[in-house]
Amino acid sequence: MTRATSAQKIAAARAEGRPALIGYLPAGFPDVPTSIEAAVALAENGVDIIEIGIPYSDPVMDGEVIQAATVQALANGFRVADVFEIVRGITSRTDAAVMVMTYWNPVLRMGVDEFARRFAQAGGSGLITPDLVPEEAGEWIEASEKHDLERVFLIAPSSTEQRVQRTVDASSGFIYCVSLMGVTGARSEVSSAAQAVVDAAHEAGAENACVGLGVSKREHVQEIGAYADGVIVGTALVAALRDGGVAAVGALAAELSGAAAKEHA
């Protein structure tokens, strides 16, 4: 199996003169088969990189829409090992790069090398680790290099210059730039801090800096795409899946990517 990477997808989007579009969905919401179909719908409607979140009982970054979805997934019997089936289900049917976003405890419990091995075998590209800092990531850095996986760490408006540099040096694939202090959620306007965080990442040598938190409209994608290498959409897609199922996810992805506008042109 040829594994697409986020770096490849961002480079391809850049060659087309646009930011990469990254779509987030929780694993196993509302159930495992539907979460695979929803992710495939993202890829079929212009999403370059698919970010699958592992449900967690005590999230520190997720807003109420994603929290409610992950609670439902857990209540419906989701287990961490199911994520490999989901990733394989997506990579076998699309050419999107598939990342997993996870708090670190589930990976530790399975075993870092075991998780990395199974994820790579499923066709995964890399991990986004919101509560793991580079200083504590030695075992993950070793496993990611062994299994050829990308490492995506986060920076925020509060990150010092030294923190940004350390994060950029430890990351591969892209830097996840949190655009505001707070939990995830769709907002009507994009934080003015977003560009400053992206600029800081680029100044520290990051080739790819992607912005998440608060993106919900095509205008946001275009606005952020003027300075960022990728745009991350989560809550709006999860709400679409909750309210309208797979078809609604595909329709919103087409709107966000501009595919819908091309169809009507």
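Conventions adopted
Residues numbered from 1 in each chain as written. Predicted model: local features only at pLDDT ≥ 70, side-chain atom pairs only at ≥ 80, totals over all residues. Heavy atoms only, no water. Helix = DSSP H or I, 4+ residues; strand = E, 2+ residues; numbered from the N terminus. Rg over C-alpha atoms; globule rule 2.2 N^0.38 Å. Buried < 20%, exposed > 50% of the residue type's maximum accessible area, 1.4 Å probe, protein only. Contact = heavy atoms within 4.5 Å. Areas by Shrake-Rupley, 256 points an atom, 1.4 Å probe, with all protein chains shown as cover. Lys, Arg positive; Asp, Glu negative; His and termini not counted. Charge placed at Lys NZ, Arg CZ, Asp CG, Glu CD. Pairing = 2+ DSSP bridges. Axes fitted to C-alpha atoms, helices over the stretch in contact; angles between N-to-C directions. Left-handed = near helix turned anticlockwise from the far one by under 90°. Nonpolar A, V, L, I, M, F, W, Y, C, P; charged D, E, K, R; others polar. Core = buried A, V, L, I, M, F, W, Y, C linked by side-chain atoms within 4.5 Å. UniProt positions renumbered as here; feature names shortened; annotations may be inferred. Salt bridge = Lys/Arg side-chain N within 4 Å of Asp/Glu carboxyl O.

A. Broad picture of the overall build of the protein. Summing up its helical and strand segments, the protein has 12 helices and nine strands in all. Relative to the compact-globule value of 18 Å for 265 residues, the protein shows a C-alpha radius of gyration of 17 Å, a close match. Considered along the principal axes of its C-alpha atoms, the protein spans approximately 50 × 40 × 35 Å. When burial is assessed residue by residue, the protein has 56% of its 265 residues classed as buried. Pairs at least 24 residues apart make up 72% of the contacts formed inside the protein by residues separated by at least 6 positions. Accessible surface, the protein as shown: approximately 11000 Å² in total, 47% of it carbon and sulfur. The averaged location of the 34 negative side-chain charges in the protein is 4 Å from the averaged location of its 19 positive side-chain charges.

B. A look at the sheet that holds strand E7 (residues 175-178). The strand order E5-E4-E3-E2-E1-E9-E8-E7-E6 describes an open sheet built from nine strands, whose pairing is parallel. Only two strands of the sheet have a single partner each, and these edge strands are strand E5 (150-152) and strand E6 (154-155). When strand E2 (residues 49-53) meets strand E3 (residues 97-101), the two strands line up parallel, connected through five bridges. Looking at E3, one finds that Glu 51 is bridged to Met 99.

C. Looking closely at the packing of helix H2 (residues 32-44) against helix H4 (residues 82-91). Here H2 crosses H4 at 35°, and the two axes come no closer than 9 Å. Crossing angle aside, the handedness with which H2 passes H4 is right-handed. Along the contact surface, H2 presents Val 32, Ser 35, Ile 36, Ala 39 and Val 40, while H4 presents Asp 82, Glu 85, Ile 86, Gly 89 and Ile 90. Taken together, the residues that form the contact of H2 with H4 break down as six nonpolar, two polar and two charged.

D. Representation of the packing of H2 against helix H11 (residues 235-257) in the model. As a packed pair, H2 and H11 sit with axes 8 Å apart at the nearest point and diverge in direction by 35°. As H2 packs across H11, the resulting crossing turns out to be left-handed. For the pair H2 and H11, the contacting residues are Thr 34, Glu 37, Ala 38, Ala 41 and Leu 42 in the first and Leu 237, Leu 241, Val 246, Val 249, Gly 250 and Ala 253 in the second. Taken together, the residues of the contact of H2 with H11 break down into eight nonpolar, two polar and one charged.

E. View of the nonpolar core. Within the largest apolar cluster, 90 residues are counted, with the highest numbers of intra-cluster contacts made by Ile 52, Val 83, Trp 140, Phe 174, Tyr 176 and Cys 177. The biggest single contributor to this core is H11, with nine residues. Residues within four places of Val 83 in sequence aside, it is in contact with Ala 27, Ile 52, Ile 54, Phe 78, Val 100 and Phe 115.

F. Molecular detail of the UniProt feature "active site" (unreviewed entry) in the protein. When the UniProt feature table is mapped onto this chain numbering, "active site" (unreviewed entry) sits at Glu 51 and Asp 62. The residue Glu 51 is located in strand E2 in this model. Residues contacting Glu 51, with those up to four places away along its chain left out, are Ile 22, Gly 23, Tyr 24, Leu 25, Met 99, Met 101, Ile 128, Tyr 176 and Ile 232.

G. Inspection of the pattern of salt bridges at higher detail. The final tally for this structure, using the stated rule, is 11 salt bridges. Notably, a salt bridge pairs Asp 95 with Lys 9, separated by 3.7 Å at the nearest N-O pair. Separated by 86 residues along the polypeptide, Asp 95 in the loop between H4 and E3 and Lys 9 in helix H1 (residues 6-15) bring together distant segments of the chain. Arg 117 serves as the salt-bridge partner of Glu 114, at 3.1 Å between the closest nitrogen and oxygen. Note that Glu 114 and Arg 117 are positioned in helix H6 (residues 112-121) at a spacing of three residues, about one turn of the helix. Among the charged side chains, a network of salt bridges with common partners joins Glu 16, Arg 18 and Asp 48.

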